[in-house]
Amino acid sequence: MPEIKNLSYAEAVNAALVRALDERAEVLLFGEDVALPGGVFGVTKGLRERFGERVFDTPISESAIIGGAVGAAMFGRRPIVEIMWADFFLVALDQVVNQAANVRYVSRGAVTAPITIRTQQGSAPGACAQHSQSLEAMFAHVPGLRVAMPATHQDAYDLLLAGVWCDDPVIVIENRTLYHTGRSPVGVNGAIQPAEGAAIRRSGTDVTLLTWGAMLHRALEAAELAAGRGIDAEVIDARWIRPLDLGAVLASVERTGRLVVAHEAHTTGGVGGEVLAAVAEAGVHLRSAPLRVGAPPVRIPAAPALAQAVIPNASAIADALVRSAAG
Amino acid sequence: MLRIRFFEEEVSRLRAEGSIVGSVHLCNGQEAIYAGASAALDLSRDAVFPTYRGHGWTLACGVPPYALFAELLGRQTGVNGGRGGSAYLTAPEYGMYGENSIVGAGAPIAAGAALAATFDGSGRIALAAFGDGALNQGAVHEAMNFAAVRDLPVIFLVENNHYSELTPIASMVRGDRLFKRASAYGMPGGQVDGNDPTAVRDAVARAVERARRGQGPALIEAVTQRIVGHYIGDAQHYRPPGELETALADEPISRLLATLRETIPYAELDALTERVRDEIADASALARADPPADPSTVLEHLYA
């Protein structure tokens, strides 16, 4: 039986890292400022003291961090590395896309790269255009990678561990707006879950609202706003963007006949478009046009007033639910 | 070295006739580096991470020419079942942990392999081999600094053939002593005659010994030349007149044979040469007779 602890989202991540380092001697944890400083968001606090040399700081060298993880993983280690901001991934995409994602495939399983890359993304007040992007679609596009987007405290714990235990390269995208926004009961030391599968966060009958990451909380708020307008939305948290649990989405859409996808990322080329296409291809009969809610194709500005004009809020999602239900 | 040379010559022929398709990068002229360096490694535990110009490394690691031909020909029996091809093949059971078609990208991965060794007690050395052009890639610098600061057992081996693909390295960097960059990272660096297999072996052996003692990485610049183009079909219009002739006069195989003739009877050397030539011809014929890679396997091994 899992033990219940009252943890912040950041503490839930920390608890997962403690468990991984405790239970698997081959786990290494490294990245910029993760060891002695304990992470810029305090997520990795205390791990260096507890686990010694298996937790260490690296130069500001994202290619070396991810490439180093790939090489170490090929030789039996199970590295967990941190890319401090998802935006910083872009200086090391080669190691993710051309390297990590290919190791198992090209060698036909003779060598594998079971690495876990933690990062955080999204817009928060005052974040400039190089510290605020939502990049999950870029990673989801690449065969061989798994992409997790934990939205709840429990998932911050569970999805990370699922990633560490998984034998594929896994990217876990957290959101810094969630790290320190209150504690919740988190079951720790329960069974390790497979690295896939969506969750229904709110049952409903009128429209399916699919979302993930920090947007889940706005989606749930939007569902309540819509309920006030007589619309009963079912909210699904994708949890894993790749592999996407299309079965859960189709089952829900078959019940409701309507679909809205809400994400913080840009709609152009985003995962939302992929979901709409997959549902259309599956031939599910929809009672109204499927809708996407996301950021417009514009850079993310720093000033809160400007950022608010770009990032979808609960009211924008609720409006989409109403439009969907009216169709 | 002969095996590598004859292999590459046969690849050139197979590419010309269209049996091998795509971009193929031959290593003719650089054979002494692979023979020398591999002799200084213990490939039952050490790991080599070469670049896309990797046929020579693959053979030097001990991969049978037949399995390599089959890979280049897109056969099911290829060392990667046709998934790697000429420029991205992997043969971990031979200590060959993957060519890389991305210039310099193997360096951080080699550092990671060495990082693992600092935890698993294997005594493994990782050797990252890349061309002179790769020294201008950020990933290589990140890897060298990372390896140096953590004393990782990595050998960074630069095959300086003086060309960054089609452009002379002299027009891409200030100064021609590339190994001097090692000092910026606080690790030893040195230059060696890359056309002399014994010199390469000795230089790599010294670095290996040092790394196995826990004293960290080293950068070795092996100076050589490509006596073929960057890829098959490269007409090398960019090479100044006379340069290739000079290179051919110093190329490692004729040099080695000349040295060996001082002590080994001509007939014996000729017999050896013929035996290797036959071995390569047989391996090529055997691989060509194999069935193409099986499309029904194309989705396998993507995820665990």
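Rules used in this analysis
Residues numbered from 1 in each chain as written. Chains lettered and ligands numbered in written order. Predicted model: local features only at pLDDT ≥ 70, side-chain atom pairs only at ≥ 80, totals over all residues. Heavy atoms only, no water. Helix = DSSP H or I, 4+ residues; strand = E, 2+ residues; numbered from the N terminus. Rg over C-alpha atoms; globule rule 2.2 N^0.38 Å. Buried < 20%, exposed > 50% of the residue type's maximum accessible area, 1.4 Å probe, protein only. Contact = heavy atoms within 4.5 Å. Areas by Shrake-Rupley, 256 points an atom, 1.4 Å probe, with all protein chains shown as cover. Lys, Arg positive; Asp, Glu negative; His and termini not counted. Charge placed at Lys NZ, Arg CZ, Asp CG, Glu CD. Pairing = 2+ DSSP bridges. Axes fitted to C-alpha atoms, helices over the stretch in contact; angles between N-to-C directions. UniProt positions renumbered as here; feature names shortened; annotations may be inferred. Disulfide = S-S within 2.5 Å. Domains from an automatic or database assignment. Buried area = accessible area lost by both parts, 1.4 Å probe. Core = buried A, V, L, I, M, F, W, Y, C linked by side-chain atoms within 4.5 Å. Phe/Tyr/Trp six-rings, centres within 6.5 Å; stacked < 30°, edge-to-face > 60°. Salt bridge = Lys/Arg side-chain N within 4 Å of Asp/Glu carboxyl O.

Time to look at the overall build of chain B. Looking only at helices and strands, chain B has 11 helices and 7 strands in total. Relative to the 2.2 N^0.38 estimate, which gives 19 Å for 304 residues, the radius of gyration of chain B is 19 Å and therefore close to what a compact globule would have. Counting only C-alpha atoms, chain B reaches 55 × 50 × 40 Å along its principal axes. Here chain B, with 304 residues, has 54% of them falling under the buried criterion. Sequence separation of at least 24 residues holds for 73% of the intrachain contacts in chain B that already meet a minimum separation of 6.

This part covers the overall build of chain A. The secondary structure content of chain A amounts to 13 helices and 14 strands. In terms of overall dimensions, chain A is globule-like: its C-alpha atoms have a radius of gyration of 19 Å, near the 20 Å expected for 327 residues. For the C-alpha atoms alone, the extent of chain A along its principal axes is close to 60 × 45 × 40 Å. Going through the 327 residues of chain A one by one, you find that 61% of them count as buried. In chain A, of all internal contacts separated by at least 6 residues, the share reaching a separation of at least 24 is 82%. When the accessible surface of chain A is summed, it comes to about 11600 Å², and 54% of that surface belongs to carbon and sulfur atoms. Each charge class in chain A can be summarised by its mean position, and for the 27 positive and 33 negative side chains these summaries are 2 Å apart.

For the rest of this paragraph, the subject is helix 2 (residues 31-39) of chain B. Of all the 9 residues making up helix 2 of chain B, 7 are buried; the element is thus mostly covered by neighbouring parts of the structure. Of the residues making up helix 2 of chain B, those classed as buried are Glu31, Ala32, Ile33, Tyr34, Gly36, Ala37 and Ser38 of chain B.

Let us look at the environment of Ala287 of chain B. Residues and elements named next belong to chain B. With respect to the helices and strands, Ala287 occurs in helix 11 (residues 266-288). Since its relative accessible area comes to 0%, Ala287 is described here as buried. Along the primary structure Ala287 and Ile253 are separated by 34 residues, whereas in three dimensions their C-alpha atoms are 26 Å apart. The residues touching Ala287, leaving out its near neighbours within four places in the chain, are Tyr66, Phe69, Ala70, Leu73 and Arg75.

Time to look at the sheet that holds strand 10 (residues 207-211) of chain A. Residue and element names in this part refer to chain A. With respect to topology, 5 strands assemble into an open sheet ordered 9-11-10-13-14, the strand pairing being mixed. The sheet is open, and its two borders are formed by strand 9 (199-202) and strand 14 (291-295), each paired with just one other strand. Direction aside, neighbouring strands of the sheet carry axes that sit 25 degrees apart on average. Sheet analysis places strand 13 (residues 259-266) next to strand 14, joined by 4 bridges and oriented parallel. Residue pairing for strand 14: Val260 is matched across the bridge by Leu291.

As a further point, take the UniProt feature "domain: Transketolase-like pyrimidine-binding" (unreviewed entry) in chain A. Listed under "domain: Transketolase-like pyrimidine-binding" (unreviewed entry) in the UniProt record, and renumbered for this structure, are residues 7-181 of chain A. Overall, residues 7-181 of chain A shows 38% helix and 18% strand. The separation of its end C-alpha atoms is 10 Å.

Once that is clear, we can look at the UniProt feature "domain: Dehydrogenase E1 component" (unreviewed entry) in chain B. The UniProt record annotates "domain: Dehydrogenase E1 component" (unreviewed entry) at residues 3-295 of chain B. Across residues 3-295 of chain B, the secondary structure splits into 42% helix and 11% strand, with the terminal C-alpha atoms separated by 31 Å.

What follows is about the state of the cysteines. Residues and elements named next belong to chain B. The final tally for this structure, using the stated rule, is 0 disulfides over all chains. In this structure Cys61 is not part of a disulfide, and its nearest cysteine sulfur, from Cys27, lies 12 Å away. Cys61 gets classed as buried once you look at its relative accessible area, which sits at 7%.

Turning next to the domain arrangement of chain A. Residues and elements named next belong to chain A. Each assigned domain of chain A is listed here: domain 1 (3-188) and domain 2 (199-326). Distance between the C-alpha centres of domain 1 and domain 2: 26 Å. Contact with domain 1, which involves 32 residues of that partner, is made by 25 residues of domain 2. Both sides together, the interface formed by domain 1 and domain 2 hides about 2100 Å², and carbon and sulfur atoms give 57% of it. Per-residue buried area on domain 1 facing domain 2 is highest for Ser123, Met149 and Ala151; these three make up 21% of the total on that side.

This paragraph deals with the nonpolar core. In this structure, Met74, Ile117 and Phe139 of chain A together with Phe49, Phe130 and Phe156 of chain B are the most contacted members of the largest nonpolar core, which totals 80 residues. Per-domain counts for this core show at least three residues from each of domain 1 (3-188) and domain 2 (199-326) of chain A. In this structure, Ile20, Cys27, Val63 and Ala91 of chain B belong to the second largest nonpolar core, which totals 56 residues.

Residues and elements named next belong to chain A. Scanning the model with the defined rule gives 12 aromatic pairs over all chains in all. Between Phe30 and Phe56 the ring centres are 4.7 Å apart and the planes differ by 5 degrees, which places this aromatic pair in the stacked class. Of this pair, Phe30 sits in strand 2 (residues 27-31) while Phe56 sits in strand 3 (residues 55-57), placing them 26 residues apart in sequence. Its relative accessible area of 0% is what places Phe30 among the buried residues. Accessibility expressed as a relative area gives 1% for Phe56, which makes it buried. Linked through ring pairs, Tyr9, Phe41, Trp85, Phe88 and Tyr179 together constitute an aromatic cluster.

Before going further, it helps to examine the interface of chain B and chain A. Each partner contributes residues to the interface: chain B has 38 residues there, and chain A has 41 residues. Considering only the side of chain B, the residues that lose the most area to chain A are Phe119, Glu142 and Tyr303 of chain B, jointly responsible for 19% of the buried surface there. The interface formed by chain B and chain A holds 1 salt bridge in total. Taking the shortest distance from any N to any O, the salt bridge between Glu53 of chain A and Arg150 of chain B comes out at 3.7 Å.

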